[in-house]
Structures are given as C-alpha cells and as structure tokens.
Amino acid sequence: MKFIYLRTFLVALVMGVISATAWGQNYPNKDITMIVPQNPGGSTDPLARQFSLPLGKLLNVKVNSVNKPGGSGTIGMGLVVRAKPDGYTIGLATNSIMAYQPLVNSGLAYKSSDDYQSIVKLIDLPNVMFVRADAPWKTFNDFIADARKNPGKMRVSVAALQGTNDLVMQQYNMLSGVRLVTVPFTGGAGEATVALLGGRVEALAGSGATNLGHVQAGTLRPLAVFQKGKYEPFPEAMPIFDSGHDATLPAMYCVIAPKGLPKDIRDKLVNASLQVVRSEEWIKFAKAQGSAAIEQNGPEVVKAEMDKYSKVYASLIKFLEADKPATQK
C-alpha cells in the first residue's frame, strides 16, 4: 500500500514538473496587462507605451497598459503583487512606491524587494524645479534667498503626496534647512503644472520631459535640476549638487511582476525586457526624456537599488517625523 501511494506521489510530481515546463514553453499565449499606477496624461504614459509596444512585438502578443491610480501608486502595485504569478500581469513601478511607501504604510501587500519579482530597470528621471516665465526669480539662488526670508511661504506643486517630486523636495529641506512647502495634487503631474501656470503656487517640481513644451512656449522657466551635473534638455538649470546639497533623488522607473514566476516565464520576460531597454530606440527615447544611459538594468540591479533607496528613505522619514516640514493639500 505504501508503495502504491509513493508511486502515485512520484507520478503526480513528474506530471506537475512536465506541466509547468510546458506552460513556460507556451508563454505567452494571450495578452499581457501592464498596470500603470498613475493617472493617464502624465510622464508615465509615454514611458509605458515606449516599453510595452516593443515588448509585445518581441513576445508576439499585445501588452496593454491599464492606469490604476490611487494611494500614491500603492493601489496599482498592490494589484500587481497580488496577481497570479503567471507572467500575464506586470507593473510600472517607481522607487517611491516600492521603497518609500512600505516604510510609512504597514497595510501594503509588499514590505520589501523580496515580496515581488524585479524584471528590468527602465530609466532614471531627475526632478526639475520650474517657475513661471514672468516670475521675479531668474535663478535658483534668487528663489532660495526669498524662501529663507519667508520660511513656509514658498509653495512647490508636486504630482503626488510622497511621490518622487515631493520626496526630493523634502530631502532638499532636510539638507539645506530651507522650508519649502510642497503642495501635492491627486490629479498628477498635469494638475501640478496647471497649478503653477495658474499662479496657485510659486514653483513646480516635476519631470523635464512633461514640461518641455511649456518651456519652449515661453511660459515656464527651469531653475534647478536635482542631480549632479548639467541637465541636457535644460542646461540653464542649476544642478542642485552645485548648491552644496546632495538632494538628488531621481524617479527610478522599473518593471515588476508577482513573486513566484516559474523560471521559464521569468527568463522569457526578463530577456525580452532587456532587449527593449538596450535597443537604440529605447536609448534615444531615454535621452529625450533627460535620462543618462543605464548600462546595468537587470532584475538584480532593480532589487539592489530598491534596497538602497529604502535606507535613504528611512533617514528621510526620521527627519520628516522630527521636523514636520510644511505640506499642504
């Protein structure tokens, strides 16, 4: 009797391995859903399209982008993390959503980089500070001089509470001692830009690519870029590192999937994704967005960077809790 049970167990085990292998070999045989955790119309939509279209061609299926905003990006990423690990649900993630939010929100479906499968790093986007073209501040130093004279009075619109734009401004507050007030908008980057154009705030922290048209139209002026070195799209913007403060948190975009992907499926998804981001078309696109070339972009890079950002954010949280910088809704 024990022999019969053992034989039955071994047959089931072998059949399961064969079935899983065949499943991986047939992947993908239907459309893939790519969840974008922000509102449509911002900088994430062209990024998602630029990645999903060639990925679909390589895999011979459609990769459909679906916007699932809310919770500073955590609602959409929660859907990804909780999805069936079959390779048909992936997500466009950022460092603020995956590394910062778990430190301040204990109710998430993920706590660390161990709770999901990293796929590929897409791009690093520096944050840029803009003012209206008719604003009295011609340079970043002019703006900060006024901010020091009027602590808590200079408002900077950002795309989301505790998003990358907001966090880099809080990092600057922490390092400089200046008290800039961030004003987050649930409508995303577009609404934050409208707030500046309408005179509701004094400045905007956002993506260079999203606001390039306004600069070219003569309605916005870039004052500073939160990175080391000149920013090619706006060489007139002062690198924040030159002010003596290393407030250089970028918006790091990557692609993730649910934890537990079968190896064959994971390998196919990773290899196809790497082909996309190492193509001439992607490198050209990234440069147009103001991102430096990224030489290492595999899943191990994504995981290591998320772990690094968690430590950076942990120190920033201590400052936020101790100093309580002004943040308005």
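Worth saying up front: this structure is predicted, and the values here are computed from it rather than measured. (Residues numbered from 1 in each chain as written. Predicted model: local features only at pLDDT ≥ 70, side-chain atom pairs only at ≥ 80, totals over all residues. Heavy atoms only, no water.)

(A) Quick peek at the packing of helix H2 (residues 44–59) against helix H10 (residues 280–288). Packing of H2 against H10 leaves a shortest axis separation of 11 Å and a crossing angle of 170°. By the criterion of interaxial angle, the relationship of H2 to H10 is roughly antiparallel. Taken together, the residues of H10 that come into contact with H2 (itself represented by Pro46, Leu47, Gln50 and Phe51) are Glu281, Trp282 and Phe285. (Axes fitted to C-alpha atoms, helices over the stretch in contact; angles between N-to-C directions. Helix = DSSP H or I, 4+ residues; strand = E, 2+ residues; numbered from the N terminus. Parallel < 35°, antiparallel > 145°, perpendicular 65-115°, else oblique. Contact = heavy atoms within 4.5 Å.)

(B) Region of the structure containing the packing of H2 against helix H9 (residues 263–277). Where H2 meets H9, the closest approach of the two axes is 9 Å, and the angle between their N-to-C directions is 125°. Classified by the angle between their axes, H2 and H9 sit oblique to one another. For the pair H2 and H9, the sense of crossing is right-handed. When H2 is examined against H9, the residues Gln50, Phe51, Pro54, Leu55, Leu58 and Leu59 are found in contact with a partner set consisting of Lys268, Leu269, Ala272, Ser273, Gln275, Val276 and Val277. Taken together, the residues that form the contact of H2 with H9 break down as nine nonpolar, three polar and one charged. (Left-handed = near helix turned anticlockwise from the far one by under 90°. Nonpolar A, V, L, I, M, F, W, Y, C, P; charged D, E, K, R; others polar.)

(C) Looking closely at the packing of aromatic side chains. Counted by the stated rule, this structure contains eleven aromatic pairs. Considering the side-chain rings of Tyr100 and Tyr313, the 5.4 Å spacing of their centres and the 85° angle between planes classify their relative orientation as edge-to-face. With a gap of 213 residues between them, Tyr100 in helix H4 (residues 95–104) and Tyr313 in helix H11 (residues 299–323) connect regions that are remote in the sequence. Accessibility classification places Tyr100 together with Tyr313 in one group, the buried group. Ring geometry for Tyr110 and Tyr116: centres 6.4 Å apart, planes at 90°, overall edge-to-face. In this structure, Tyr110 and Tyr116 share a single accessibility class: buried. Among the aromatic residues, those joined into a ring-pair cluster are Phe51, Trp282 and Phe285. Against the face of Tyr88 rests Lys30, its NZ or CZ located 4.7 Å from the ring centre. One Lys or Arg, Lys308, reaches over the ring of Tyr309 and ends 4.6 Å from the middle of that ring. (Phe/Tyr/Trp six-rings, centres within 6.5 Å; stacked < 30°, edge-to-face > 60°. Buried < 20%, exposed > 50% of the residue type's maximum accessible area, 1.4 Å probe, protein only. Lys NZ or Arg CZ within 6 Å of the ring centre and 35° of its normal.)

(D) Seen up close, H4. Taken across its ten residues, H4 has eight buried, putting it largely inside the fold. Among the residues of H4, those classed as buried are Asn95, Ser96, Ile97, Met98, Ala99, Tyr100, Gln101 and Pro102.

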